[in-house]
Amino acid sequence: MQKHESSTVYLHQVLEAKLLGPGDLVLSVGSEFIENADAQGSTGKRRSAEAVKQDCELKAFSRLAPALKQEFPQLHLCVSVDSLYACGRFFQMCKDHDWSYVCVFKPTVLPTVWRDFQSLLPLCPENQLERTWAGGVHQVYRWVHDLSYVDSEGREWTFSAIQLTETVQGETTTFAWLTDLAVTAKTVEAIAIQGGRHRWKIENQGFNRQKNSALNLQHLYSTDPDKLKAYYYLLQIACILLQLLEQGSLLRRLAQEHGRTPWQLLGSLKNLASVLLESIRCFVWSADSFDARLAAGLRISFAPFNSS
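Residues numbered from 1 in each chain as written. Predicted model: local features only at pLDDT ≥ 70, side-chain atom pairs only at ≥ 80, totals over all residues. Heavy atoms only, no water.

If you check the backbone angles, Leu110 has positive phi at about 50 degrees while not being a glycine. Inspection of the secondary structure puts Leu110 in the loop between strand 6 (100–104) and helix 3 (111–120). Looking at Leu110, the relative accessible area reads 11%, which means it is buried. Non-glycine residue Gln169 carries a positive phi angle of around 50 degrees. Counting through the fold element by element, Gln169 comes out in the loop between strand 9 (156–168) and strand 10 (171–179). (Helix = DSSP H or I, 4+ residues; strand = E, 2+ residues; numbered from the N terminus. Buried < 20%, exposed > 50% of the residue type's maximum accessible area, 1.4 Å probe, protein only.)

On to the layout of surface pockets. Roughly 850 Å³ of internal volume is contained in the second largest pocket. Forming the walls of the second largest pocket are 28 residues, and the residues nearest its centre are Leu241, Leu245, Leu276, Ile280 and Trp285. When contributions to the lining of the second largest pocket are tallied by element, the ones reaching two or more residues are helix 6 (225–247), helix 7 (249–257), helix 9 (269–282) and helix 10 (292–296). Per-element tally for the lining of the second largest pocket: the top contributor is helix 6, with 9 residues. Residue composition of the lining of the second largest pocket, grouped by class: 22 nonpolar, 4 polar and 2 charged. (1 Å grid on protein atoms, 1.4 Å probe; cavity = no way out; pocket = protein on both sides within 12 Å on 5 of 7 lines; lining within 4 Å. Points joined across faces, edges and corners; volume = space filled by probe spheres on them. Nonpolar A, V, L, I, M, F, W, Y, C, P; charged D, E, K, R; others polar.)

Residues Leu19, Val29, Phe72 and Leu75 make up a contiguous nonpolar surface patch of about 280 Å² in total accessible area. Counting through the fold element by element, Leu19 comes out in strand 3 (residues 14–20). (Patch = residues over 30% accessible without salt bridge, like charges linked within 9 Å, V, L, I, M, F, W, Y side chains within 5 Å. Areas by Shrake-Rupley, 256 points an atom, 1.4 Å probe, with all protein chains shown as cover. Salt bridge = Lys/Arg side-chain N within 4 Å of Asp/Glu carboxyl O.)

The next subject is the side chain of Ser31. Residue position: Ser31 is located in strand 4 (residues 26–33). At 2.7 Å, the side chain of Ser31 forms a polar contact with the side chain of Glu16. What Ser31 contacts, discounting residues up to four positions off in sequence, is Val14, Leu15, Glu16, Leu64, Tyr232 and Tyr233. (Polar contact = N/O pair within 3.5 Å; in protein donor to acceptor, adjacent residues only side chain to side chain. Contact = heavy atoms within 4.5 Å.)

Aromatic ring pairs are reported here in terms of the distance separating the ring centres and the angle at which the planes meet. Evaluated as defined, the whole model comprises 17 aromatic pairs. Ring geometry for Phe33 versus Tyr233: centroids 5.7 Å apart, planes at 85 degrees, classification edge-to-face. Linking Phe33 in strand 4 with Tyr233 in helix 6, this pair joins segments that are 200 residues apart in sequence. The class for Phe33 is buried, based on a relative accessible area of 10%. On the basis of an interplanar angle of 75 degrees and a centroid distance of 5.8 Å, the ring pair of Trp114 and Phe117 is categorised as edge-to-face. With Trp114 and Phe117 both in helix 3, this residue pair falls 3 residues apart, about one helical turn. Owing to a relative accessible area of 15%, Trp114 belongs among the buried residues under this scheme. Overall, the relative accessible area of 0% leaves Phe117 in the buried class. (Phe/Tyr/Trp six-rings, centres within 6.5 Å; stacked < 30°, edge-to-face > 60°.)

This part covers the state of the cysteines. By definition, a disulfide links the sulfur atoms of two cysteines through a covalent bond. Applying the stated rule across the entire model yields 0 disulfides. Left unpaired, Cys103 is separated from the closest cysteine sulfur, that of Cys87, by 8.2 Å. The class for Cys103 is buried, based on a relative accessible area of 0%. (Disulfide = S-S within 2.5 Å.)

What follows deals with the environment of Leu181. Residue placement: Leu181 occurs in the loop between strand 10 and helix 4 (188–196). Residue class for Leu181 comes out partly exposed when judged on its relative accessible area of 26%. Counting along the chain gives 21 residues from Leu181 to Ser160, while the straight-line C-alpha distance between them is 7.6 Å. Residue contacts for Leu181: discarding those within four places in its chain leaves Cys78, Ser100, Val102, Ser160 and Ile191.

Any segment with low pLDDT has predicted coordinates that should not be analysed in fine detail. Residues of the protein with pLDDT of at least 70 account for 85%, and the chain-wide mean is 84. Taken together, the stretch residues 38–42 has pLDDT below 50 and engages in 11 contacts with residues farther than four places along the chain or on a different chain. (pLDDT = per-residue confidence, 0-100.)

Written as structure tokens, this is what we have:
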């Protein structure tokens, strides 16, 4: 809670694990609420936002990672994160859980490693891939192997770094990532785009959609923290179901039977939710709808539906 002169703002921070899937699916697979009240230091002096963010999110990740591993023990994840995770604690958690990572790399984070990276780039001219796309988009991928880093606990880490320079209409933007994945001319593009840049989908298809649609994530439904948590979990479940319906072959099949696309038939996710609500309210579902054995044999595809 933050009190201002004329208003009170209620903030509830949560570290959310989103699974990026086919068809632009962004599915929640784990949530860890950040309840670390470290904004006010032990001396009474207010700490910087970046320092608090690092404390809270890293501690939350340390709680969330074991829970994810327990729920999905056979799933080998590639964790895509921003630059504040570029530290020994994060690298150790990924190693402990047998996960790979793609981490945003900035000159202000691990500055010594960044300087090594920049000085070694000219010495590796063979580590380069260029792409030119429609519309004049030009991309240059460059990478360096075996960069070393010793964390605050004396643990030694080795990883690769990737730099992507992208020029669009004369304007050049530079991106960089650290990764423990094997970087080659065949893999660098997939690591940088799918593992690195596609992380923005978590914000757009994930949080922004929840905030700016009828899901209304930013609405203050209660000032009770436990009730707000319950609402947040229910909202994530609702968002998963809506995405599965939106992207799945069942809805495309239904729309095709009417000679339309899904959005020609329904118009919006809000209309889809209303139709589902009315189906529950006005129709009695058969016992087969709740048969687990029948459900186990049901296959929903997220590839383009083929009526043949």
